[in-house]
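# Descriptive analysis of the structure
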There are 2 protein chains.
Amino acid sequence: MKDEKRVSAAVIKRLPRYYRYLGDLLDTGIARISSKELSVRMGITASQIRQDLNNFGSFGQQGYGYNVESLYKEIGRILGLDRSYSLALIGTGHFGQALVNYPYFSRRGYNFTALFDNDPEIIGKTVGGIIVFDVATLPDYLKIIHVDIAVLTLPGASANNVTNLLSDTGVKGIWNFTGSDLQVPKGMIVENVRLTDSLMTLSYMVNEDEILKRASI
Amino acid sequence: MKDEKRVSAAVIKRLPRYYRYLGDLLDTGIARISSKELSVRMGITASQIRQDLNNFGSFGQQGYGYNVESLYKEIGRILGLDRSYSLALIGTGHFGQALVNYPYFSRRGYNFTALFDNDPEIIGKTVGGIIVFDVATLPDYLKIIHVDIAVLTLPGASANNVTNLLSDTGVKGIWNFTGSDLQVPKGMIVENVRLTDSLMTLSYMVNEDEILKRASI
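Since the model is a prediction, treat every value here as computed from it, not as a measurement.

### Looking at the relation of the copies chain B and chain A
Its rotation angle being 180 degrees, the transformation that places chain B on chain A also includes 0.0 Å of axial translation and leaves an RMSD of 0.0 Å. Viewed as a symmetry operation, the transformation between the two copies matches a two-fold axis. Here 99% of the interface residues in chain B have copies in chain A that are interface residues too; the copies meet face to matching face.

Right, here's the structure in full:
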């Protein structure tokens, strides 16, 4: 694959799902699987699976299917899970603390290496074995210590101020839980997690019959 | 609108975004806005906005634009935010506790009314003013108390066992943080939040140049 070719966002979004399914298969002792079987389990067509995986090289053998372990490892490698990532969390409230204490992330190589907050009650305390620093020290910290990903778990109103502090620091990605849309410099990647939007969508669906009935009056 | 007509999932997923933007406009004192201005702010075409909103009736006036407050209220009504929802949380660990303690949900009418766990250390404790019950009592609880949405913040391995307990109980929706794909009875709505997939997608993007270079060797 030529390195200027970009893989489509839809394919990238499906890779963690393949990785999860293959990991589950491995856990249950399944050593190989046809693209057809995998497609039934995942609810994706077999040709979609072949197409997706062909983006990254050739996997599987006609008549044999996929070797689950090697495909799992390969997708992990494609996802960049064969290296570790340094995460700085900004906003060490309940939600930020829950992320830091979630063991799965560090098992996958995502390591929280620094925590920040602006609340004097929280600064200096330890969460998951890591001391919480004053957010005012963030720019100086980032001059000295390399961070791959900033995790924003602070109120939306401060989100863009903190984002400004991240430019030209080596931070390449922002995992954004603030609910605000961030203005970022070119080349900085933002992945938004919008819990409130997600809950509103769910409650709409739960309530849809009643809502549409009302709208038709 | 006829009540058998369903609104597309893509439109529904955009509604909370409209709601958020209009709320921000209201907070900054903007009383009216053209679909063109709104489109520039949101990065959606003006015709897309008109199309989306036309699903629910006619809004806005030629030459005047939208009245921000009335459109905000109307979208809130469409989203079903003019009523409240009862949420039961199953899995009261760090992450579940963070959701319960997040004040925004109850301000929007999403009320956690019951918490469950299977850990004797947590059962009987109080989180956000609510006592944590033994998950074994969940079926009996749901016979007596109406719950709209079950929030699953427990390990993936137990997710489908708990989901089975929810059928025929009046619970219509599941907000699923477990990372597992749920098998649900017809009519039950599932909204998945996959934090690990989200983080993997981000780290892929952050690392993409290097990954594609490696793949081309």
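### So, the pattern of salt bridges
Once the charged atoms of two side chains with opposite charge are near each other, the side chains can pair. In this structure the tally under the stated criterion is 18 salt bridges over all chains. Across the pair Arg77(A) and Glu74(A) runs a salt bridge whose closest N-O atoms are separated by 3.4 Å. Of the two residues, Arg77(A) and Glu74(A) are both situated in helix H4 (residues 68–78); the distance of three residues between them amounts to about one turn of the helix. Put simply, Arg20(A), Asp181(B), Arg194(B) and Asp197(B) are held in one network by salt bridges that share partners.

### A short note on the packing of aromatic side chains
Evaluation of the coordinates by the stated rule reveals 21 aromatic pairs over all chains. For the ring pair Phe95(B) and Phe177(B), a centre distance of 5.1 Å and an interplane angle of 55 degrees mean the geometry is tilted. Of the two residues, Phe95(B) is situated in helix H5 (residues 94–100) and Phe177(B) in the loop between strand E8 (173–176) and strand E9 (189–192); the sequence distance between them amounts to 82 residues. The pair formed by Phe95(B) and Phe177(B) is uniform in burial state, with each residue classed as buried. By the ring-pair criterion, three or more aromatic residues cluster together here, those being Phe95(A), Tyr102(A), Tyr104(A), Phe105(A), Trp175(A), Phe177(A), Phe95(B), Tyr102(B), Tyr104(B), Phe105(B), Trp175(B) and Phe177(B). The residue whose ring lies beneath Arg83(A) is Tyr85(A), and the NZ or CZ to ring-centre distance is 4.0 Å.

### Remarks on the nonpolar core
Soluble, globular proteins show a tendency: their nonpolar side chains are buried together. If you look at the biggest cluster of nonpolar residues, it comprises 106 residues, and the most contacted ones within it are Leu99(A), Phe112(A), Trp175(A), Leu99(B), Phe112(B) and Trp175(B). Sequence-distant contacts of Phe112(A), defined by excluding residues within four places in its chain, comprise Leu87(A), Leu89(A), Leu99(A), Val100(A), Phe105(A), Ile130(A) and Val151(A).

### Looking at the interface of chain B and chain A
Across the contact, 67 residues belong to chain B and 66 residues belong to chain A. Buried surface at the junction of chain B and chain A, summed over both partners, amounts to about 6200 Å²; 64% is from carbon and sulfur atoms. Per-residue buried area on chain B facing chain A is highest for Leu199(B), Met200(B) and Val206(B); these three make up 11% of the total on that side. At the boundary of chain B and chain A, one finds four salt bridges. Between the two partners, chain B and chain A, sit 16 residue pairs in polar contact (both at pLDDT 80 or more). By residue number, the principal contributor to the side of chain B that touches chain A is helix H9 (residues 195–206) of chain B, which donates 12 residues. Class assignment of the residues belonging to the side of chain B that touches chain A gives a composition of 35 nonpolar, 11 polar and 21 charged.

### Observations concerning the side chain of Thr153(A)
Residue and element names in this part refer to chain A. Examined against the element boundaries, Thr-153 turns out to sit in the loop between strand E7 (149–152) and helix H8 (159–166). Taking the relative accessible area as the measure of exposure, Thr-153 reaches 13% and is therefore buried. For Thr-153, the side chain forms a polar contact with the main-chain oxygen of Gly-91, separated by 2.6 Å. When near neighbours in sequence (up to four residues on either side) are disregarded, Thr-153 contacts Leu-89, Ile-90, Gly-91, Phe-95, Gly-96, Leu-99 and Phe-177.

### Remarks on the sheet that holds strand E4 (residues 110–117) of chain A
Spatial ordering of the open sheet is given by E5-E6-E4-E3-E7-E8-E9 (chain A), a layout of seven strands whose pairing is mixed. Taken across any chain shown, the strands that pair with only one partner, and hence form the sheet edges, are strand E5 (126–127) and strand E9 (189–192) of chain A. Note: strand E3 (residues 85–90) of chain A against E7(A), four bridges, orientation parallel. Its bridge partner lying in E7(A), Ala88(A) is registered against Ala150(A). Running over the sheet, H9(B) touches E3, E4, E7, strand E8 (173–176) and E9 of chain A and is turned about 160 degrees from E8(A).

### Regarding unusual backbone geometry
Despite not being glycine, Asp168(A) shows a phi value in the positive range, around 60 degrees. Along the chain, Asp168(A) falls in the loop between H8 and E8.

### A word on H8(A)
Since the α-helix advances by 3.6 residues per turn, residues separated by three or four positions end up pointing in the same direction. Residue and element names in this part refer to chain A. Three or more residues of H8 are buried, namely Ala-159, Val-162, Thr-163 and Leu-166. All buried residues of H8 fall inside an arc of 105 degrees around its axis, so they share one side. Of the exposed residues in H8, those oriented more than 90 degrees away from the buried face are Asn-161 and Asn-164. Backbone geometry just downstream of H8 places Asp-168 in the positive-phi region, at approximately 60 degrees.

### Examining the environment of Leu79(B)
For Leu79(B), the location among the structural elements is in the loop between helix H4 (68–78) and strand E3 (85–90). A C-alpha to C-alpha distance of 27 Å links Leu79(B) and Ile130(B), two positions 51 residues apart in sequence. Residues in contact with Leu79(B), not counting those within four places in the same chain, are Met200(A), Ser203(A), Tyr204(A), Ile211(A), Leu15(B), Pro16(B), Tyr19(B) and Tyr85(B).

### Some words on the sheet that holds E9(B)
If you walk across this open sheet you meet the seven strands as E5-E6-E4-E3-E7-E8-E9 (chain B), and the pairing is mixed. Since the sheet does not close on itself, it has two edges, and those belong to strand E5 (126–127) and E9 of chain B, each with one partner. As judged from the two bridges shared by E5(B) and strand E6 (residues 130–134) of chain B, these two strands associate in the antiparallel manner. Bridge pairing in E6(B) places Thr126(B) opposite Ile131(B). Docked against the sheet, helix H9 (residues 195–206) of chain A engages E3, strand E4 (110–117), strand E7 (149–152), E8 and E9 of chain B, running at close to 160 degrees with respect to E8(B).

### Remarks on the pairing of E3(A)
All names here are of chain A. Among the six residues that make up E3, six are buried, leaving the element largely enclosed by the rest of the structure. Neither face of E3 is left uncovered, since the one carrying Tyr-85, Leu-87 and Leu-89 and the one carrying Ser-86, Ala-88 and Ile-90 both have all their residues buried. Bridge count for E3 against E4 is six bridges, and the pairing is parallel. Bridge pairing links Ser-86 to Asn-111 in E4.

Analysis parameters
Residues numbered from 1 in each chain as written. Chains lettered and ligands numbered in written order. Predicted model: local features only at pLDDT ≥ 70, side-chain atom pairs only at ≥ 80, totals over all residues. Heavy atoms only, no water. Least-squares fit on C-alpha atoms with pLDDT ≥ 70 in both. Contact = heavy atoms within 4.5 Å. Salt bridge = Lys/Arg side-chain N within 4 Å of Asp/Glu carboxyl O. Helix = DSSP H or I, 4+ residues; strand = E, 2+ residues; numbered from the N terminus. Phe/Tyr/Trp six-rings, centres within 6.5 Å; stacked < 30°, edge-to-face > 60°. Buried < 20%, exposed > 50% of the residue type's maximum accessible area, 1.4 Å probe, protein only. Lys NZ or Arg CZ within 6 Å of the ring centre and 35° of its normal. Core = buried A, V, L, I, M, F, W, Y, C linked by side-chain atoms within 4.5 Å. Buried area = accessible area lost by both parts, 1.4 Å probe. Polar contact = N/O pair within 3.5 Å; in protein donor to acceptor, adjacent residues only side chain to side chain. Nonpolar A, V, L, I, M, F, W, Y, C, P; charged D, E, K, R; others polar. Pairing = 2+ DSSP bridges. Axes fitted to C-alpha atoms, helices over the stretch in contact; angles between N-to-C directions. Arc of directions from axis to C-beta.

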